[in-house]
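Each chain, written out:
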Amino acid sequence: MTLPMLLVVPVALLISVVDAMTYRIPDVCNLGVAVLGAWHIAGQAEPGVHVSAALCVGVVLWGLSAWYYRRFGRTGLGLGDVKFIAAATVWVGPLGLPYMLLIASSAGIVVALVGRKRLMEDGGQIAVPFGPFLAFGFFVVLVTG
C-alpha cells in the first residue's frame, strides 16, 4: 500500500461523515482526493489517461446534473458528488469507474429500499447522501484493483 493510499483513507472517511451529516462534500476534500490520486498515479505508464478521464467524467456529470435540475426542478446528483466522482476517477481510471459507480449505486439503493438511512423527506422522495456510498465503491475498487 502506497503513502497516497494511506492518506486518502481519512479524507474519504471525512467526506462520508460530512456528507451524511450535511448533504455537502467539502471542495477541499475533493481536491485532496484528486491531488493524492495524481501523486499515486504519477509513476504509472499513462497517468494522462486517468486525468483526462477524470476531467471528461466531471464535465459530463456536471452537464447531466444541470440538465436534471432544469428538467425536474430538484437536484439528482449534487456538485460535490460530481467532483468526488471526478477526483476518484484519477485513482481508478476509466476502467475502474463503472465498477465504482455500480458498487456505490447498488449500496445506495439497498439502503434507500431498506429505509435505514431515511435522513430527510423531500416532496415524497427520500434523500440519501451519496458521498458515503461513493467512498465505499471507491475503496472497494481501490483495494481490489
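Now for a look at the structure at hand. (Residues numbered from 1 in each chain as written. Predicted model: local features only at pLDDT ≥ 70, side-chain atom pairs only at ≥ 80, totals over all residues. Heavy atoms only, no water.)

**Some words on the overall build of the protein**
Step number 1: Each helix and strand counted, the protein has five helices and two strands in total.
Step number 2: Overall, the protein shows an N-to-C arrangement of helices and strands of α-α-α-α-β-β-α.
Step number 3: Relative to the compact-globule value of 15 Å for 145 residues, the protein shows a C-alpha radius of gyration of 15 Å, a close match.
Step number 4: Principal axes of the C-alpha set define a box for the protein whose edges measure 50 × 30 × 25 Å.
Step number 5: Split into buried and exposed, the 145 residues of the protein put 39% on the buried side.
Step number 6: A separation threshold of at least 6 residues defines the contact pool for the protein, and within that pool the share at least 24 residues apart is 73%.
Step number 7: Taken as a whole, the protein presents about 8,300 Å² of accessible surface, with 69% of it coming from carbon and sulfur.
Step number 8: Distance from the positive charge centre (8 side chains) to the negative charge centre (6 side chains) of the protein: 8 Å. (Helix = DSSP H or I, 4+ residues; strand = E, 2+ residues; numbered from the N terminus. Rg over C-alpha atoms; globule rule 2.2 N^0.38 Å. Buried < 20%, exposed > 50% of the residue type's maximum accessible area, 1.4 Å probe, protein only. Contact = heavy atoms within 4.5 Å. Areas by Shrake-Rupley, 256 points an atom, 1.4 Å probe, with all protein chains shown as cover. Lys, Arg positive; Asp, Glu negative; His and termini not counted. Charge placed at Lys NZ, Arg CZ, Asp CG, Glu CD.)

**Observations concerning the packing of helix α1 (residues 3-22) against helix α2 (residues 27-41)**
Step number 1: Contact geometry of α1 with α2 gives a least axis separation of 9 Å together with a crossing angle of 165 degrees. With respect to α2, the element α1 is oriented roughly antiparallel. Classified by chirality, the crossing of α2 by α1 is left-handed. Note on element contacts: α2 touches α1 through C29, N30, V33, L36, W39 and H40, opposite L3, P4, M5, L7, V8, V11, L14 and I15.
Step number 2: Residue composition of the contact of α1 with α2, by class: twelve nonpolar, two polar and no charged. (Axes fitted to C-alpha atoms, helices over the stretch in contact; angles between N-to-C directions. Parallel < 35°, antiparallel > 145°, perpendicular 65-115°, else oblique. Left-handed = near helix turned anticlockwise from the far one by under 90°. Nonpolar A, V, L, I, M, F, W, Y, C, P; charged D, E, K, R; others polar.)

**What about the side chain of T89?**
Step number 1: Relative to the elements of secondary structure, T89 occurs in helix α4 (residues 79-114).
Step number 2: A relative accessible area of 0% means that T89 is categorised as buried.
Step number 3: At 2.7 Å, the side chain of T89 forms a polar contact with the backbone oxygen of I85.
Step number 4: What T89 contacts, discounting residues up to four positions off in sequence, is H50, A53, A54, V57 and L97. (Polar contact = N/O pair within 3.5 Å; in protein donor to acceptor, adjacent residues only side chain to side chain.)

**Comments concerning unusual backbone geometry**
Step number 1: Despite not being glycine, Y23 shows a phi value in the positive range, around 60 degrees.
Step number 2: Among the secondary structure elements, Y23 is positioned in the loop between α1 and α2.
Step number 3: By relative accessible area, Y23 is classed as partly exposed at 27%.

**Section: the side chain of N30**
Step number 1: Within the secondary structure layout, N30 lies in helix α2.
Step number 2: Of the residues examined, N30 reaches a relative accessible area of 4% and is grouped as buried.

**Remarks on the nonpolar core**
Step number 1: Core analysis: the biggest nonpolar cluster contains 32 residues, and V33, F84, I85, W91, M100 and F138 have the highest contact counts within it.
Step number 2: With twelve residues, the single largest contributor to this core is α4.
Step number 3: Residues within four places of M100 in sequence aside, it is in contact with I85, A88, V92, L134, G137, F138 and V141. (Core = buried A, V, L, I, M, F, W, Y, C linked by side-chain atoms within 4.5 Å.)

**Quick look at the pattern of salt bridges**
Step number 1: Under the defined criterion, the tally for this structure stands at one salt bridge.
Step number 2: Between K83 and D27 there is a salt bridge, with its nearest N and O atoms 2.7 Å apart. You can see K83 sitting in helix α4 and its partner D27 sitting in helix α2, a full 56 residues away along the chain.
Step number 3: K83 sits in the partly exposed class, given a relative accessible area of 30%. (Salt bridge = Lys/Arg side-chain N within 4 Å of Asp/Glu carboxyl O.)

As far as function goes, none of this settles anything; it's purely spatial.
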